[in-house]
Each structure stands twice: as structure tokens, then as C-alpha cells.
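Chains, contacts and geometry: an overview
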Amino acid sequence: MSGHLVQLLLLLSLIVASSKVGASLASRIRQPAVFGELMVGLILGPSLLDIFGWEVFHDPTLEVIIRDLAEIGVIMLMFIAGLETDLAKMRKVGLAAAGGAVGGVIFPFAAGAGLGLAFGYGLFESLFMGTVLTATSVSISAQTLMELGHLRSKEGTTILGAAIIDDVLGIIALSVMVAITASGTPGAPRSIPVIIANMFLFFVLSITLGSLLLEGIVSFVEKRVRASEALFAAALVIIFVYSYAAQALGRVATITGAYIAGVLFSRTSVHRSIERQVGALTYGFLAPIFFVSIGLEADVHLLSPSDVLFAVVITAAAILTKQFGSALGTLAARFSWRESIRVGTGMVSRGEVALIVASIGFGAGIIEEDVLAVMIIMTLVTTIATPVMLRYVFRGAARAEDADAEERERVRPEIAVLEASAEDLDGGRVSTGRPEERPEGDGSD
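What counts as what
Residues numbered from 1 in each chain as written. Predicted model: local features only at pLDDT ≥ 70, side-chain atom pairs only at ≥ 80, totals over all residues. Heavy atoms only, no water. Core = buried A, V, L, I, M, F, W, Y, C linked by side-chain atoms within 4.5 Å. Buried < 20%, exposed > 50% of the residue type's maximum accessible area, 1.4 Å probe, protein only. Helix = DSSP H or I, 4+ residues; strand = E, 2+ residues; numbered from the N terminus. Contact = heavy atoms within 4.5 Å. Phe/Tyr/Trp six-rings, centres within 6.5 Å; stacked < 30°, edge-to-face > 60°. Salt bridge = Lys/Arg side-chain N within 4 Å of Asp/Glu carboxyl O. Polar contact = N/O pair within 3.5 Å; in protein donor to acceptor, adjacent residues only side chain to side chain.

1. Let's talk about the nonpolar core
- With 103 residues, the main nonpolar core has F79, I255, F265, I274, F290, M375 and I376 as its most contacted residues.
- By size, the runner-up hydrophobic cluster in this structure holds 19 residues, among which are V138, A142, L390 and V393.

So this is what it looks like as C-alpha cells:
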């Protein structure tokens, strides 16, 4: 066994094991797993232990392999996000969720881009910072709302619906940024129509072909292909082909193709089994590598005093613009100001979504290492702050579950009457106000 492979096996063991320990510790303090995994990456990276500087991991190709595995992890995470996108629910969430999502994208984007320019960053880098700030990850919000008994409330339902729309808008914004970068002429006005045309063509072809062919492919593999885990293998092939086509043909981010593939699979008869299989591979192996790798890339020692100030300012802007931007959007749907603030607060956490966007920008050379570190700080603070803020804004509100129980108790007498009526109907004992008709030949004469 080569020394290179031995080093890789040891490194993967260290990353996966430590990430799960970090995730477990995070859950004990009521934080999402990604928080613990990211902190492990910061500890193992150049900010503290710098494991790639250890003699046991001296092979320079190890960093390349970890980076490649991390990017595959991002692709798989976005495929799962697509699988969990409920298009029917998206159509039904209504004006409040749509308004909350749009307001939660426009205001953070403007703030991120404006602050980037104000602190001396270039136009394109500043625009990408704005793109990172548009991200929303409601996993921590959903967990907190569940604990508070408000997940099924009007505000909780709106938060979940708005997050779906927010993801779609964020994917589109990221795709535009990556496509402009890939064109080699960032910001050139003449390239933008071509970029949009490429994106539109890719979206139309990928969605149309997937809608027409995917169910047939699934059926063929299930019935005709005699091989172990053939369906899972077919799903992986489709994910990778869509990811490749997104960048090679559509000039957009690979994760855009993976997300579309996930949405298409969510409409097939096998989406549950695919979700379990892909989830096991992703959450057990690839996602921990990705989240730890983010910390491995960041070096907080590179942050100057001005960078620290920028991190503080942009983090405050990330919280306020998402909270009040989403709130303003929901006011149009006749939510009260208090209800709107609750929705906006639930959209504050950036979580893994911001990390995915930031890592793609860093890999594409759009942002530098110092900006990546600032984005990590912003993500950590918004993730920690969201549960605290949610508990505050929902203080004194009646639990949705308690309200449901009260409503069930109130209507219990009516339910009892209806059940008795149903029993009478089943037994043919309900009076119709006229003499009962006797069947012919019953011998009663």
C-alpha cells in the first residue's frame, strides 16, 4: 500500500470522525450539526492546528483530493435540496412566502454589494458578497420552532415556504455570477445577453428532457438492469451528468444542475428510496468532508483589523436586512408587523447554504481567502443568533399545537353528533321525514 494512500486513509478518518464529534457537541448546545463541523474545520485548519503542515500529511496532493471530494459533497447536498423541494407547496404558499423570499433576497444583496464597495472591494467581488448574503438555511429555524411549538403556525408555515423560493432565487443569482466569471469578461455588458441565453437554454432543455425521460429511465433500470444497486448507480450518473452539463453547456454552477436533477427526481416514484441512499452517502461521508474543508481553507490570522471591522458590519447587515427585508415582503400579505418580524427572524440563519455559495466563489477565484473567512464568521454568528432571536420574538405567543388542541376540544361535541349521524346512515335509521319504503316481496303483507 502506497504511502500516499495510507496518508489519505488516515486523513479521511480524522476528518469524518472529528466532524461527527463536532456535530454531536453542537447538538448538545442546540446548534445545527454544520456549526460543529465548521468549527472542527477551523480547529484543524491553518487557524489553529494546521494539519496539512504535519509530517504525517506531507503529500501535497492530499489537499487537492479533499477539495475534490468536498465539491462532490456540495453537488450531492444540492441534489438532496432539490429532492426536498416541494413544487406543489411552492405554488400554494401564496403571497406572504413569495414576498418574504423576495424581500429577503433584494435587501441583503444590496447591503452586501454596497458594503463591499464601501470597504474597497472590487465590483464583482462585492456583488458576490451580496449573493452570499441572500442565502437562507431554515434547518435551525425549523428545529427551534418545533421546540417552541410554532412550526405549524402561520408564521412557521410561511418561513418554510419562503425558504424554498429563497433557494431558487439564490441558485439563479449564483448561476448568473458564475456564468459571468466563466465568460472571462466579468461585467461586460455584451456578454450578459449571451449568458442569459445559455442559462435559459440549459434550464429549458434540462427540465424538459428530464420531465419526459426520467420516469422511463427509472422504470427501465428497475425492470431490466440486473445489477446490485442499479437504481442508485443510475441516480448518481444522472446527478453527475446534469452537474457537468450545467457548467459545460449552460455556463452555470455545477450545483445548479444537481439541484434541477433533485427537483426532477422528487417527482418520480422512487424519490424516497433515492433520498435514503444518497443521504447515507452524503451525510455519512461527503458532507462532513465539505464542511470541515471550509474551515481548512480559512485562516483567521490573515484577517486585518479592517477585515474584522468589515466582518462585524456585514454580519450586522446580514441579520438586519434579512429580518426586515423578509418582514416587509410579508406585510403585503396582510400579516401584522409582529407576525412579519417573526417570519423575517426565521430567515436570518445562513447555515450550510451560505457556505456552499462562498466555497464556490472561492473555488472560482471570485473571492479571496480573507473574504471567505469573513463569510464564515457571518455564517457562524447568524446561525448562533437565530434561535435566540426566535425565542424572543415568539415570547408570549400561543403555541400552534396548543391552539390546535383547543380547537379540537371546542369542536368535539359537533364531531360526536356527526359521528352519530354517520352511524345512523350506515344502519339505515335516519328519518327522512316520509314513510319508509318497503322492498317488494318482503312478506309483510
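2. A short note on unusual backbone geometry
- For D50, which is not glycine, the phi torsion reads 50° and is therefore positive.
- Structurally, the position occupied by D50 is in the loop between α2 (33-44) and α3 (61-83).
- One non-glycine residue, E229, lies in the positive phi region at around 55°.
- Inspection of the secondary structure assignment puts E229 in the loop between α9 (191-224) and α10 (230-248).

3. Considerations on the environment of L44
- With respect to the helices and strands, L44 occurs in helix α2.
- Overall, the relative accessible area of 8% leaves L44 in the buried class.
- Residues L44 and L14, spaced 30 residues apart in sequence, show a C-alpha to C-alpha distance of 9.6 Å.
- Discounting residues that sit within four places of it in the chain, L44 has contacts with S18, L49, D50, I51, V292 and L296.

4. Digging into the packing of aromatic side chains
- Inspection of every chain in the model, using the stated rule, returns seven aromatic pairs.
- With a centroid separation of 6.2 Å and 20° between ring planes, the pair formed by W54 and F57 is classed as stacked.
- Note on F119 and F310: the rings are 4.8 Å apart at their centroids and 50° apart in plane angle, and the pair reads as tilted. Placement of F119 in the loop between α5 (94-118) and α6 (123-133) and of F310 in helix α13 (residues 305-331) is noted, with a sequence separation of 191 residues between them.
- Through a chain of ring-to-ring contacts, the aromatic side chains of F119, Y121 and F310 assemble into a single cluster.

5. As for the pattern of salt bridges
- Taken as a whole and judged by the stated rule, the model has five salt bridges.
- Where E297 meets R67, a salt bridge forms, and the shortest distance between an N and an O atom there is 3.0 Å. Of the two residues, E297 sits in helix α12 (residues 271-297) while R67 sits in helix α3, which places them 230 residues apart along the sequence.
- When its relative accessible area of 34% is taken as the criterion, R67 is described as partly exposed.

6. A look at the side chain of T345
- Positionally, T345 belongs in helix α14 (residues 337-346).
- Among the residues examined, T345 registers a relative accessible area of 0% and is labelled buried.
- A polar contact of 2.7 Å, which involves the side chain of T345, links it to the side chain of Q323.
- Look past the residues within four positions of T345 in its chain and what remains in contact with it is Q323, T386, M389, L390 and V393.

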